[in-house]
Amino acid sequence: MKPIIVLKIGTSTLTGGTNNISRGKIEDISMQILDLKKDYNVILVSSGAIAVAKQFVTLKAPERPLGLKSALSAIGQPKLMQIYMEIFADHGLQVAQCLLTHFDLQGEESRENTKKTITVLLNNDYIPIINENDTVAVEEIILGDNDKLSAMVAVLMNAKKLVIASDIDGIFTGNPNINPDAKLIENVKSIEEVKTYIQDTESNLGSGGMESKINALEICQGKNIKVIIVNGSIQFFLRKAIKNEIPHTRFIG
Ligand code: GLU
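Just so we're clear, the structure is a prediction, and the values are computed from it rather than from any experiment.

Colleague: Any chance you could break down the overall build of the chain for me, citing the residues and the numbers?
Modeller: When helices and strands are counted, the chain shows ten helices and seven strands. Rg of the C-alpha trace for the chain: 17 Å, near the compact-globule value of 18 Å for 253 residues, within the 12% margin. Within the chain, the fraction of its 253 residues that count as buried is 51%. Restricting the contact set of the chain to residue pairs at least 6 apart, pairs at least 24 apart contribute 73%. Measuring between centres, the 27 positive side-chain charges of the chain sit 5 Å from its 29 negative side-chain charges.

Structure representation (structure tokens):
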């Protein structure tokens, strides 16, 4: 079996900072996956369900805003998969949906079941597209935008690489949008040191700031997974980061 690469795409990468999912970005991702498939088995962890729903529906405001987001996610998820299915099919890529929670990736039996399912999908040339099951869990809506979930999946599947597409070039020593002196940390040697730099860089549509990225590094630590955090808005960001052609943050877990 080829080594596994887990690719995490957050809402802000899919929307390019707008209010709409960019079919062009999904096109870019599908071409990159096609290229990667020569050397890897690819697992995609994608957010975007809430953002897709927001494009065409307004729900009555409930007492708990999280319930509203979960409901939007339930409406948007099939639509998101439809977009993936259509665009990936143009490139001969077959997709499957797996909705998971942190809880599922902690219990022994559910871990085994998840691993078996994903393995069968990969062996049959299907690309598993994973999102949090927002009906029953809200961890990634509150904090994470699937950063943590993607790291847990990478560990479960013994992945060789985890690529987290972000809306900035990687982890910085400060918030580069506010502090012009903030520098990109190209090689994370000590997670503890990086923690001292944490800034809240929460974006409008995604909930994954630097804290959840650092959580992801912690989950991969000691698991022999190479983690790459890269700016997903750059065309062919994956290939370019793997070949070291664009600035990004790396961590050998
Ligand atoms: N599972 C959520 C979604 O797909 C997470 C999104 C987020 O936090 O932006 O929309």
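On we go from here.
Colleague: Tell me about the nonpolar core, and name the residues and values.
Modeller: V6, I43, I130 and L162 are the most contacted members of the largest nonpolar core, which totals 40 residues. Those residues in contact with I130 that lie beyond four places of it in its chain are I43, L44, V45, S46, C98, L100, I118, L149 and V153. Counting residues in each nonpolar core, the second largest holds 32 residues, with I21, A51, L80 and V230 among its members.

Colleague: Give a description of the environment of L66 that names residues and reports values.
Modeller: Within the secondary structure, L66 sits in helix α4 (residues 65-90). Take L66: its relative accessible area is 27%, and that puts it in the partly exposed class. C-alpha of L66 to C-alpha of I142: the two residues are 76 residues apart in sequence and 8.3 Å apart in space.

Colleague: Any details on the confidence of the model for the chain? Residues and values, ideally.
Modeller: Looking at the chain, pLDDT values average 91 and 95% of them are 70 or higher. Of the regions scoring below 50 in pLDDT, residues 201-206 engages in 13 contacts with residues more than four places distant in sequence or in other chains.

Colleague: Requested: an account of a nonpolar patch on the surface, with residues and values cited.
Modeller: Where nonpolar side chains cluster on the molecular surface, the patch consists of F56, L59 and I75 and spans about 240 Å² of accessible area. Here I75 is to be found in helix α4. Here I75 falls in the partly exposed class, since its relative accessible area comes to 31%.

Colleague: Explain the sheet that holds strand β1 (residues 4-9) to me, using residue names and the numbers behind them.
Modeller: Strand order across the open sheet formed by seven strands is β3-β4-β2-β1-β5-β6-β7, with mixed pairing between neighbours. Bordering the open sheet on either side are β3 (94-100) and β7 (249-252), each of which pairs with just one other strand. Within this sheet the neighbouring strands show an average axis-to-axis angle of 20 degrees, counted without direction. Bridge count between β1 and strand β2 (residues 41-46): six bridges; the pairing is parallel. Residue K8 lies in a different strand from β2, and its bridge partner there is V45. Most of the contacts of α4 go to β3, to which it runs at about 155 degrees, and overall it touches β2, β3 and β4 (126-132). Across the sheet, helix α9 (residues 210-220) touches β5 (161-166), β6 (226-231) and β7, and the angle it forms with β5 is around 180 degrees.

Rules used in this analysis
Residues numbered from 1 in each chain as written. Predicted model: local features only at pLDDT ≥ 70, side-chain atom pairs only at ≥ 80, totals over all residues. Heavy atoms only, no water. Helix = DSSP H or I, 4+ residues; strand = E, 2+ residues; numbered from the N terminus. Rg over C-alpha atoms; globule rule 2.2 N^0.38 Å. Buried < 20%, exposed > 50% of the residue type's maximum accessible area, 1.4 Å probe, protein only. Contact = heavy atoms within 4.5 Å. Lys, Arg positive; Asp, Glu negative; His and termini not counted. Charge placed at Lys NZ, Arg CZ, Asp CG, Glu CD. Core = buried A, V, L, I, M, F, W, Y, C linked by side-chain atoms within 4.5 Å. pLDDT = per-residue confidence, 0-100. Patch = residues over 30% accessible without salt bridge, like charges linked within 9 Å, V, L, I, M, F, W, Y side chains within 5 Å. Areas by Shrake-Rupley, 256 points an atom, 1.4 Å probe, with all protein chains shown as cover. Salt bridge = Lys/Arg side-chain N within 4 Å of Asp/Glu carboxyl O. Pairing = 2+ DSSP bridges. Axes fitted to C-alpha atoms, helices over the stretch in contact; angles between N-to-C directions.

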